[in-house]
Amino acid sequence: MPKPTAGSAASADGGRRLAQVYRRFGQVDAAGASPLYERVAVALSESGEVLRALGAVPARKRHPAMVLAALHDLALAGRAPTLAGAYAAADRDAAADAAIDTLLRMTDDVVAIVVRRRMRPDESGRHTVLYPAVAEAAHRVGAGAVGLIDVGRSAGLNLHVDRVGIAYSDGRSVGDPSSPVQMKASIVGHRTVPSRVMPRVAARISVDADPVDVTDAADRRWLRACVWPDQPARAAHLDAELALAAEAPPLLLRGTPVEVLADAVARVPADALPVITTTWALSHFPAEGRRRLVERLGEVAADRPVAWVSAEGVGVAPTIPTLGDRPASGHSIIGVAVFDRSARHVEAVGRCWSRGRLLSWLVE
């Protein structure tokens, strides 16, 4: 019997490692959250044909979430009807069989999708946090209008914070009660969230290295594909936000914030306050990039006031006070910074948990 070659042994080891990754995703990451993906991921891990087919996928793109999103995209596009039917019926065994069959028949299509796309697991707006913070920034400057410049949320759904309705657990409501996008947040602590009215939004600008166009059907479908198929409430909320955004699409500026921030600010009308928003985006930037972003904010504020509203993990947003909280503590800090020529006023105005589902406001 011939001995295995070094190449075949390495390939076998790679297949075993990949199988372990998919099995762990199903049994740990998807367990309890998505019965469909729990079953599908484990089934993929047990198919030698699938593991060999996945060898055609670039190594950095082989993560189960990415491949499963590509399969979901094919199902949503009507190109994998058997898989789409199994997902719609929440039939785990049928979904597992259909996922294997689709991946083997359409390997090239899966590869093309994952090479082109980035994961967009949670693009929905962070309106419960942004609404009071943007209103607070405008109040501090005395601005009657704002130009919203969102950094790092590729679809720009944050930019429609003025067009949603928000109900807080203390009985206060803000925004538009007739909006198709309604959100809720529980208030923690003894201070209430200010009920200041959101100023008029004079500009909506999205800054991202790879922006998503909400008017493009394929882009919208990809965002939908990144939502797990047995999470209909999340999918419905995303669909509502996308429909709202498509009514007033933002201006898309492709590039890093440092590269295009000056251009973005220049596009905000002179009578409006430019408000840059970052929500759980800066952790994807290297530390030097975050520091340079804050420097750039000071530079573009040489001729007009500019505000920065952030909701980031403790210690992630440079200059925003951490209130003595420890990094990786499970909550985030809401910051409001106003840059006005050489002056800078920076304050932590709140804490939040679960991407804004729980909110503690800290200032009067």
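Before going into details, it helps to say that this report is about the structure given with it. (Residues numbered from 1 in each chain as written. Predicted model: local features only at pLDDT ≥ 70, side-chain atom pairs only at ≥ 80, totals over all residues. Heavy atoms only, no water.)

Some words on the nonpolar core
In step 1: In this structure, Leu54, Leu71 and Leu83 are the most contacted members of the largest nonpolar core, which totals 44 residues.
In step 2: At the level of elements, α1 (6–29), α2 (35–45), α3 (48–53), α4 (64–76), α5 (81–89), α6 (92–105), α7 (107–116) and α9 (217–225) are the ones that each hand at least two residues to this core.
In step 3: Per-element accounting of this core gives the leading share, nine residues, to α4.
In step 4: Ala143, Val164, Ala307 and Leu359 belong to the second-largest nonpolar core, a separate cluster that totals 39 residues. (Core = buried A, V, L, I, M, F, W, Y, C linked by side-chain atoms within 4.5 Å. Buried < 20%, exposed > 50% of the residue type's maximum accessible area, 1.4 Å probe, protein only. Helix = DSSP H or I, 4+ residues; strand = E, 2+ residues; numbered from the N terminus.)

A closer look at the packing of aromatic side chains
In step 1: Across all of its chains, the model carries three aromatic pairs by this definition.
In step 2: Between Phe25 and Trp228 the ring centres are 5.8 Å apart and the planes differ by 70°, which places this aromatic pair in the edge-to-face class. In this pair, Phe25 sits in helix α1 while Trp228 sits in the loop between α9 and α10 (232–247), placing the two residues 203 residues apart along the sequence.
In step 3: Classification of Phe25 as buried rests on a relative accessible area of 4%.
In step 4: According to the relative accessible area criterion, Trp228 is buried, its value standing at 17%.
In step 5: Seen in terms of ring centroids, Tyr37 and Tyr87 are 6.2 Å apart; in terms of plane orientation they differ by 65°. Their pairing is edge-to-face. (Phe/Tyr/Trp six-rings, centres within 6.5 Å; stacked < 30°, edge-to-face > 60°.)

Regarding the sheet that holds strand β2 (residues 165–168)
In step 1: The strand order β3-β2-β4-β11-β10-β9-β8-β7-β1-β5-β6 describes an open sheet built from eleven strands, whose pairing is mixed. On the outer flanks of this sheet lie β3 (173–175) and β6 (251–254), each paired with one strand and no other. The mean inter-strand angle of the sheet, taken between neighbouring strand axes irrespective of direction, is 25°.
In step 2: Relative to strand β11 (residues 358–361), strand β10 (residues 343–353) is paired through four bridges, and the arrangement is antiparallel. Residue Arg351 lies in a different strand from β11, and its bridge partner there is Ser360.
In step 3: Sheet strands touched by helix α8 (residues 127–141): β1 (145–151), β2, β3, β4 (182–187), β7 (273–279), β8 (306–313), β9 (332–340), β10 and β11. Its angle to β7, the strand with the most contacts, is close to 150°. (Pairing = 2+ DSSP bridges. Axes fitted to C-alpha atoms, helices over the stretch in contact; angles between N-to-C directions. Contact = heavy atoms within 4.5 Å.)

A few points about unusual backbone geometry
In step 1: Phi angles above zero are rare outside glycine, and Ala90 is one such case at about 55°.
In step 2: Within the secondary structure, Ala90 is located in the loop between α5 and α6.
In step 3: Relative accessible area serves as the criterion here: at 48%, Ala90 is assigned to the partly exposed category.
In step 4: Even without a glycine there, the phi angle at Thr319 is positive, about 75°.
In step 5: Position of Thr319 among the secondary structure elements: in the loop between β8 and β9.
In step 6: Residue classification places Thr319 among the partly exposed positions, given a relative accessible area of 41%.

Focus on the layout of surface pockets
In step 1: Taken as a whole, the largest pocket holds about 590 Å³ of empty space.
In step 2: Along the wall of the largest pocket there are 25 residues; nearest its centre are Arg118, Gly152, Arg153, Ala281 and His284.
In step 3: Along the lines of polarity and charge, the residues of the lining of the largest pocket split into nine nonpolar, seven polar and nine charged.
In step 4: Empty space within the second largest pocket amounts to approximately 480 Å³.
In step 5: Forming the boundary of the second largest pocket are 21 residues, of which Asp122, Ser124, Met183, His237 and Arg357 lie nearest the centre.
In step 6: Contributing elements (two or more residues each) for the lining of the second largest pocket: β4 and α10.
In step 7: In terms of residue count, α10 provides more of the lining of the second largest pocket than any other element does, four residues in total.
In step 8: Partitioned by chemical class, the residues of the lining of the second largest pocket number six nonpolar, seven polar and eight charged. (1 Å grid on protein atoms, 1.4 Å probe; cavity = no way out; pocket = protein on both sides within 12 Å on 5 of 7 lines; lining within 4 Å. Points joined across faces, edges and corners; volume = space filled by probe spheres on them. Nonpolar A, V, L, I, M, F, W, Y, C, P; charged D, E, K, R; others polar.)

Some points on the pattern of salt bridges
In step 1: Inspection of every chain in the model, using the stated rule, returns 23 salt bridges.
In step 2: Taking the shortest distance from any N to any O, the salt bridge between Arg117 and Asp219 comes out at 2.8 Å. Of this pair, Arg117 sits in the loop between α7 and α8 while Asp219 sits in helix α9, and the two are 102 residues apart along the sequence.
In step 3: With relative accessibility at 9%, the residue Asp219 sits in the buried group.
In step 4: Notably, a salt bridge pairs Asp210 with Arg254, separated by 3.6 Å at the nearest N-O pair. With Asp210 in the loop between β5 (200–208) and α9 and Arg254 in strand β6, the pair connects residues that are 44 residues apart, well separated along the chain.
In step 5: The class for Asp210 is partly exposed, based on a relative accessible area of 24%. (Salt bridge = Lys/Arg side-chain N within 4 Å of Asp/Glu carboxyl O.)

The values reported here are purely geometric and, on their own, carry no functional implication.
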